[in-house]
Protein chains: 2
Amino acid sequence: MAMERHGWRWLPGLLALLAALVVPKGWARDTSGAESLGLWPLPFAVDISPRSLHLSPNNFFFGHSPTSKAGSSCEILQEAFRRYYDFIFGFYKWHQGSYQLCFGTELQQLQVHVESECDTFPSISSNESYVLHVKGPEALLRANTVWGALRGLETFSQLIYQDSYGTFTVNESEIIDFPRFPHRGILIDTGRHFLSVKTIFKTLDAMAFNKFNVLHWHIVDDQSFPYQSINFPLLSSKGSYSLSHVYTPNDVRMVIEYARIRGIRVMPEFDTPGHSRSWGKGQKDLLTPCYRKQVLSGTFGPINPILNTTYNFLSKFFKEISTVFPDEFIHIGGDEVDFDCWASNSEILQFMQEKGFSKNFTKLQSFYVFKISNMISAMKKRPIVWQEAFDGRDKFMPGTVVQVWKIEDYKWEQSLITKAGFPVILSAPWYLDLISYGQDWKNYYEVEPQDFPGSDKERKRVLGGEACLWGEYVDATNLTPRLWYEI
Amino acid sequence: MAMERHGWRWLPGLLALLAALVVPKGWARDTSGAESLGLWPLPFAVDISPRSLHLSPNNFFFGHSPTSKAGSSCEILQEAFRRYYDFIFGFYKWHQGSYQLCFGTELQQLQVHVESECDTFPSISSNESYVLHVKGPEALLRANTVWGALRGLETFSQLIYQDSYGTFTVNESEIIDFPRFPHRGILIDTGRHFLSVKTIFKTLDAMAFNKFNVLHWHIVDDQSFPYQSINFPLLSSKGSYSLSHVYTPNDVRMVIEYARIRGIRVMPEFDTPGHSRSWGKGQKDLLTPCYRKQVLSGTFGPINPILNTTYNFLSKFFKEISTVFPDEFIHIGGDEVDFDCWASNSEILQFMQEKGFSKNFTKLQSFYVFKISNMISAMKKRPIVWQEAFDGRDKFMPGTVVQVWKIEDYKWEQSLITKAGFPVILSAPWYLDLISYGQDWKNYYEVEPQDFPGSDKERKRVLGGEACLWGEYVDATNLTPRLWYEI
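Residues numbered from 1 in each chain as written. Chains lettered and ligands numbered in written order. Predicted model: local features only at pLDDT ≥ 70, side-chain atom pairs only at ≥ 80, totals over all residues. Heavy atoms only, no water.

- As recorded by an unreviewed UniProt entry, chain A carries the name Beta-hexosaminidase and is attributed to Sus scrofa.
- UniProt, in its Sequence similarities (unreviewed entry) section for chain A, records the words "Belongs to the glycosyl hydrolase 20 family." (UniProt positions renumbered as here; feature names shortened; annotations may be inferred.)

What follows is the structure, encoded as structure tokens:
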């Protein structure tokens with residue numbers, strides 16, 4: 001573990017690229033020291049002095065400041081203290097015995113002060129800022145929330161190195177840091193290739209090292225339905241690749257918990273009405289039956305948007321999702337809906353006639369997305385959709401977040417969405433599954449998420465970005481290199 | 001280890017593709033059982049009966065047939081027995097205690113019979129055939145050489161599975177196997193990115209599982225010179241990325257030994273006269289000084305082919321290589337020579353005038369390659385060159401092997417080389433560093449190495465193939481997924 005972490009830290013791969021999401025360009029006050037230390041992502045302001053302090057694994061400890069609102073009863077912090085102690089000292093072999101510091105000053109403690117009480121779950125509005133003063137004999141980390149404290153602990157661990165004698169060393173430093181964007185995500189796709197919980201854990205570890213804070217879990221797709229629903233167990237027992245390629249309620253809880261204590265939100269996606277073939281195996285009459293020359297073809301299309309049973313089912317289903325996943329957001333998809341099957345079905349066509357949609361299937365899609373958005377809102381959650389749901393909107397739920405994924409004219413799309421008043425998440429330039437011979441990372445690093453035509457107010461509607469690692473050609477064997485190393 | 005091995009076995013990645021090199025198309029007698037067992041690569045003839053035998057880790061052993069010429073004093077076999085016992089049983093947790101076989105027959109031994117004495121090093125002419133009879137209570141593996149025995153042990157280990165009660169099981173089977181081509185290689189490039197010895201070991205393990213038998217070690221290149229020469233230590237001390245990015249004589253010995261006991265040849269490549277920039281740092285006057293408008297530009301080109309000092313140095317250097325590497329072949333490169341620097345240098349031009357080359361730099365290149373080939377031959381080694389050395393040949397050493405790497409018209413190139421009477425190794429369609437979104441492996445699998453215009457005799461000059469994983473964008477972090485998993 002610690003070793004891998006070191007690999008990740010010193011080989012800032014493809015993804016850590018999302019520096020753009022964390023640090024405003026050209027703002028760092030003094031980065032020379034930070035660069036030689038490999039601080040990653042680079043904090044907002046870094047001031048590293050040449051004066052060095054030494055640390056002894058036996059004497060050093062993480063402590064709570066007496067005035068901190070989140071003290072030793074805060075699990076998030078206690079767990080983080082344990083993790084970061086291991087990250088700092090655990091990688092190296094050291095021996096029990098008496099230590100003697102021959103010269104210089106020792107750093108004996110990092111005292112953590114949190115302004116607000118121990119929080120339970122991170123959210124889009126969590127304050128992740130922190131200030132880190134490293135000075136002997138006690139360093140101080142101040143944060144508004146435990147989430148900021150986690151980011152500060154990560155930075156503190158990155159400051160420590162072994163000098164040429166092997167001595168654990170840290171330079172006196174002053175660091176001020178806060179993220180540029182509140183949403184810094186990675187999409188994993190467990191519908192195309194199943195990923196074990198262990199693999200997801202490993203990804204969450206790497207995300208924490210790189211200060212990512214959202215796991216966008218595209219959990220099901222056409223190919224398989226690995227989510228084991230409490231109310232609809234047939235969905236996974238019929239729709240998964242096999243009964244061992246399933247996320248049980250306990251698996252899902254473990255992923256959410258592992259993410260939570262690292263300050264990472266888990267945002268589930270259940271993509272409909274397209275990308276839903278696997279749903280049809282365990283839920284009768286959910287998908288649209290397709291016709292060929294007025295005869296049932298035996299194949300099925302997107303979710304059937306004209307039946308009450310569809311909405312009754314989805315309402316129950318999303319009710320479950322809204323309780324299983326604590327995050328405020330539920331991603332409801334809405335991308336790449338294939339209209340051919342709808343067009344072949346006379347009942348669908350009749351319904352559209354009645355609604356006055358004529359033959360405009362985009363209107364039917366919008367009708368469906370709006371109903372689902374309403375459903376989600378009624379559960380006190382906020383919907384996120386892929387850009388097509390916005391592009392084809394008729395009625396569109398206020399507050400819906402739009403995720404931009406099409407590389408063509410993505411800046412123009414950002415303009416349109418933000419001009420219409422909707423928040424946007426950018427993914428288009430960070431499709432990490434699309435690989436080529438050569439250095440893709442250069443393009444990823446050069447992206448400026450707010451560089452599109454619009455007013456300052458509109459630009460501020462960019463919540464952040466997400467790197468997408470779609471699973472058609474990715475499984476546990478190549479996920480880690482593709483996310484973090486591939487050069 | 002065992003776990004990774006299982007990963008490799010059941011996910012026959014990108015590379016295992018070289019099936020084409022091992023099994024003649026359409027020759028397998030009965031592959032149904034073999035496919036369900038995942039035998040990989042598929043042996044020549046497989047006959048698997050439904051009758052199953054059970055194995056107990058406590059009772060089963062590998063033994064030598066009393067008439068075998070390579071007995072218990074043969075290190076190659078003893079080491080292999082140890083490895084394969086672990087591969088078969090080590091992956092599973094099992095408990096000490098008394099075992100009782102409730103029903104059925106037990107397989108207690110695999111007796112190995114080798115027709116010839118324990119060999120030291122594998123070679124291009126090693127006989128790798130074997131016959132495997134699995135029948136209770138004793139199975140028999142017959143091979144002409146220990147190298148064939150190694151391939152048979154690999155196949156035997158692949159036959160064993162756990163039944164639904166966890167019992168170690170093997171079906172009675174008859175397998176006849178021999179490779180289609182004698183040269184089945186993988187090229188690694190430690191000049192662009194250094195690979196640790198541990199990483200090379202891991203690659204050799206995977207090669208053995210897939211019955212590859214040549215590690216083509218492209219050890220140095222323009223970018224760095226990690227080979228620590230005994231006679232010319234400055235080459236690596238000045239030409240490597242750093243003093244820890246070096247293969248010491250002991251490292252090289254360890255790689256050769258690790259490969260040897262797995263029946264894998266290590267074929268070194270020292271590519272000249274191009275691709276040699278790193279040589280110039282530790283060896284004065286070796287590279288051609290380039291001129292700009294009759295003035296020394298300060299930059300250097302290919303190795304200087306007109307100086308006696310060049311050949312004195314290379315003669316000593318290759319003498320060392322010929323003793324360090326036991327393999328019969330030394331790859332001397334000869335690809336992608338940039339003529340601009342030679343053309344800028346008046347001494348080179350004068351030399352060419354004297355030799356009657358006029359302004360034909362290809363002739364100068366050929367002059368150089370022929371001298372090096374002569375050198376290698378005098379050391380009782382055989383040279384291998386990249387195709388350009390053949391294409392531009394003036395005089396060309398008989399017996400030289402030509403490696404085809406350019407994807408354009410590679411079949412035509414194979415025709416030309418074999419028609420001229422030279423053996424060929426095919427790499428062009430297996431450049432594994434060139435990746436794209438999607439399933440590259442389909443193309444790799446469809447290659448037929450003998451499908452080019454020519455006579456049967458000419459087609460038989462194909463020694464085999466090599467998958468090349470060039471190191472521009474590959475290091476230890478993504479090497480394994482790219483070689484074995486990438487889909």
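1. As for the UniProt feature "active site" (unreviewed entry) in chain A
Residue and element names in this part refer to chain A.
And then number 1: Here, UniProt's "active site" (unreviewed entry) annotation points to Glu336.
And then number 2: Topologically, Glu336 is positioned in the loop between β14 (329–333) and α11 (340–344).
And then number 3: Every residue in contact with Glu336, bar those within four places of it in the chain, is listed here: His275, Glu388 and Trp405.
And then number 4: A distance of 2.8 Å separates a polar atom in the side chain of Glu336 from a polar atom in the side chain of His275. (Helix = DSSP H or I, 4+ residues; strand = E, 2+ residues; numbered from the N terminus. Contact = heavy atoms within 4.5 Å. Polar contact = N/O pair within 3.5 Å; in protein donor to acceptor, adjacent residues only side chain to side chain.)

2. Re the relation of the copies chain A and chain B
And then number 1: With an RMSD of 0.0 Å, the fit of chain A onto chain B corresponds to turning through 180° and sliding 0.1 Å along the axis. Seen this way, the second copy is the image of the first under a two-fold rotation axis. Minimal C-alpha separation from the rotation axis in chain A is found for Ser436 of chain A, amounting to 2.5 Å.
And then number 2: Counting the interface residues of chain A, we find that 100% of their copies in chain B are interface residues as well, pointing to one common contact surface. (Least-squares fit on C-alpha atoms with pLDDT ≥ 70 in both.)

3. With respect to the interface of chain A and chain B
Interface size, as often reported, equals the accessible area lost upon joining of the parts.
And then number 1: Listed per partner, the contact involves 22 residues of chain A and 22 residues of chain B.
And then number 2: Our enumeration of links across chain A and chain B arrives at zero salt bridges.
And then number 3: If you look at where chain A meets chain B, you find zero residue pairs in polar contact (both at pLDDT 80 or more).
And then number 4: Sorting elements by how many residues they give to the side of chain A that touches chain B places helix α18 (residues 479–485) of chain A first, with three residues.
And then number 5: Of the residues belonging to the side of chain A that touches chain B, the class tally is 10 nonpolar, six polar and six charged. (Salt bridge = Lys/Arg side-chain N within 4 Å of Asp/Glu carboxyl O. Nonpolar A, V, L, I, M, F, W, Y, C, P; charged D, E, K, R; others polar.)

4. A word on helix α5 (residues 146–159) of chain B
All names here are of chain B.
And then number 1: A rise of 1.5 Å per residue sets the reference length of α5, with its 14 residues, at 20 Å; its end C-alpha atoms lie 20 Å apart and thus fit the reference within 8%.
And then number 2: Among the 14 residues of α5, 14 are classified as buried, and the element is accordingly described as predominantly covered.
And then number 3: Near the N-terminus of α5, the side chain that reaches the backbone nitrogen of Trp147, with its oxygen 3.1 Å away, is that of Thr145. (Expected span 1.5 Å × (residues − 1). Buried < 20%, exposed > 50% of the residue type's maximum accessible area, 1.4 Å probe, protein only.)

5. Overview of the sheet that holds strand β18 (residues 462–469) of chain B
Residues and elements named next belong to chain B.
And then number 1: If you trace the eight strands once around the closed barrel, you get β9-β10-β11-β14-β15-β16-β17-β18, paired in parallel fashion. On average, adjacent strands in this sheet sit at an angle of 30° to one another, irrespective of strand direction.
And then number 2: Where strand β14 (residues 329–333) meets strand β15 (residues 382–386), four bridges bridge the pair, whose relative direction is parallel. Across the sheet, Gly333 pairs through a bridge with Val385, a residue of β15. (Pairing = 2+ DSSP bridges. Axes fitted to C-alpha atoms, helices over the stretch in contact; angles between N-to-C directions.)

6. What to know about the state of the cysteines
Residues and elements named next belong to chain B.
And then number 1: Within this structure, the stated rule accounts for four disulfides over all chains.
And then number 2: What pairs with Cys290 in a disulfide is Cys341, and their sulfur atoms sit 2.1 Å apart. Judged by the torsion about the S-S bond (-105°), the Cys290/Cys341 disulfide is left-handed. With Cys290 in strand β12 (residues 287–292) and Cys341 in helix α11 (residues 340–344), the pair connects residues that are 51 residues apart, well separated along the chain.
And then number 3: Taking relative accessible area as the criterion, Cys290 reaches 9% and is therefore assigned buried.
And then number 4: Disulfide connectivity for chain A, with bonded cysteines indexed by sequence position, reads 1-2, 3-4. (Disulfide = S-S within 2.5 Å.)

7. Focus: the sheet that holds strand β17 (residues 424–426) of chain A
Strands in a sheet are paired, the pairing made by backbone hydrogen bonds, and the direction either parallel or antiparallel.
Residues and elements named next belong to chain A.
And then number 1: Within the closed barrel, the eight strands sit side by side as β9-β10-β11-β14-β15-β16-β17-β18. Their pairing is parallel. Taking the axes of each pair of neighbouring strands and ignoring which way they run, one obtains an average angle of 30° across the sheet.
And then number 2: The strands touched by helix α6 (residues 197–209) within the sheet are β9 (183–189) and β10 (214–218), with β10 carrying the most contacts at an inclination of about 150°.
And then number 3: Here helix α15 (residues 410–419) sits on the sheet and contacts β16 (401–404), β17 and β18 (462–469); the angle it forms with β16, its principal contact strand, is near 175°.

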